[in-house]
Amino acid sequence: MRDMHKLSEKNREYRERYNPCFKEEVLSLKCLKNNDYNQEKCYDFFINVKICREFWDELRRERRSRGIKPELPYPNERKQIKEEYLKNRENMNK
């Protein structure tokens, strides 16, 4: 018999590796479930997912054009990349 916890954990690791917005998507689904699938109540969560996807898609395109591999950074690198992006963006607005 399979160890379902291990299978689920492997699946989660895979999704987190290839979907940088996995956590945001999980939160939006939880919101829907907790609000009887009323999408209006979860609007902010959906916007957050959209912003997340746009950010990582843009980063992926930029890395691809520069020849950087992998195009999508590994999960352990993403926090630092987001922080650097926000810091650079803040400096540009000054």
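Just above sits the structure.
These notes cover the structure that comes with them. (Residues numbered from 1 in each chain as written. Predicted model: local features only at pLDDT ≥ 70, side-chain atom pairs only at ≥ 80, totals over all residues. Heavy atoms only, no water.)

**Things to note about the packing of helix H3 (residues 43–66) against helix H4 (residues 75–92)**
Look at H3 against H4: their axes get within 12 Å of each other, and the N-to-C directions meet at 95 degrees. Overall, the two elements H3 and H4 adopt an arrangement that is roughly perpendicular. The residues of H4 that touch H3, namely those facing Phe55, Trp56, Leu59 and Arg63, are Arg78, Ile81, Lys82 and Tyr85. (Axes fitted to C-alpha atoms, helices over the stretch in contact; angles between N-to-C directions. Helix = DSSP H or I, 4+ residues; strand = E, 2+ residues; numbered from the N terminus. Parallel < 35°, antiparallel > 145°, perpendicular 65-115°, else oblique. Contact = heavy atoms within 4.5 Å.)

**Examining the packing of helix H2 (residues 22–34) against H3**
The contact between H2 and H3 brings their axes to 9 Å, and the two run at 165 degrees. The angle between H2 and H3 places the two elements in the roughly antiparallel class. Here H2 runs over H3; the crossing is left-handed. Packed against H2, whose contacting residues are Glu24, Glu25, Leu27, Ser28, Cys31 and Leu32, the element H3 presents Phe45, Phe46, Asn48, Val49, Cys52 and Arg53 at the interface. (Left-handed = near helix turned anticlockwise from the far one by under 90°.)

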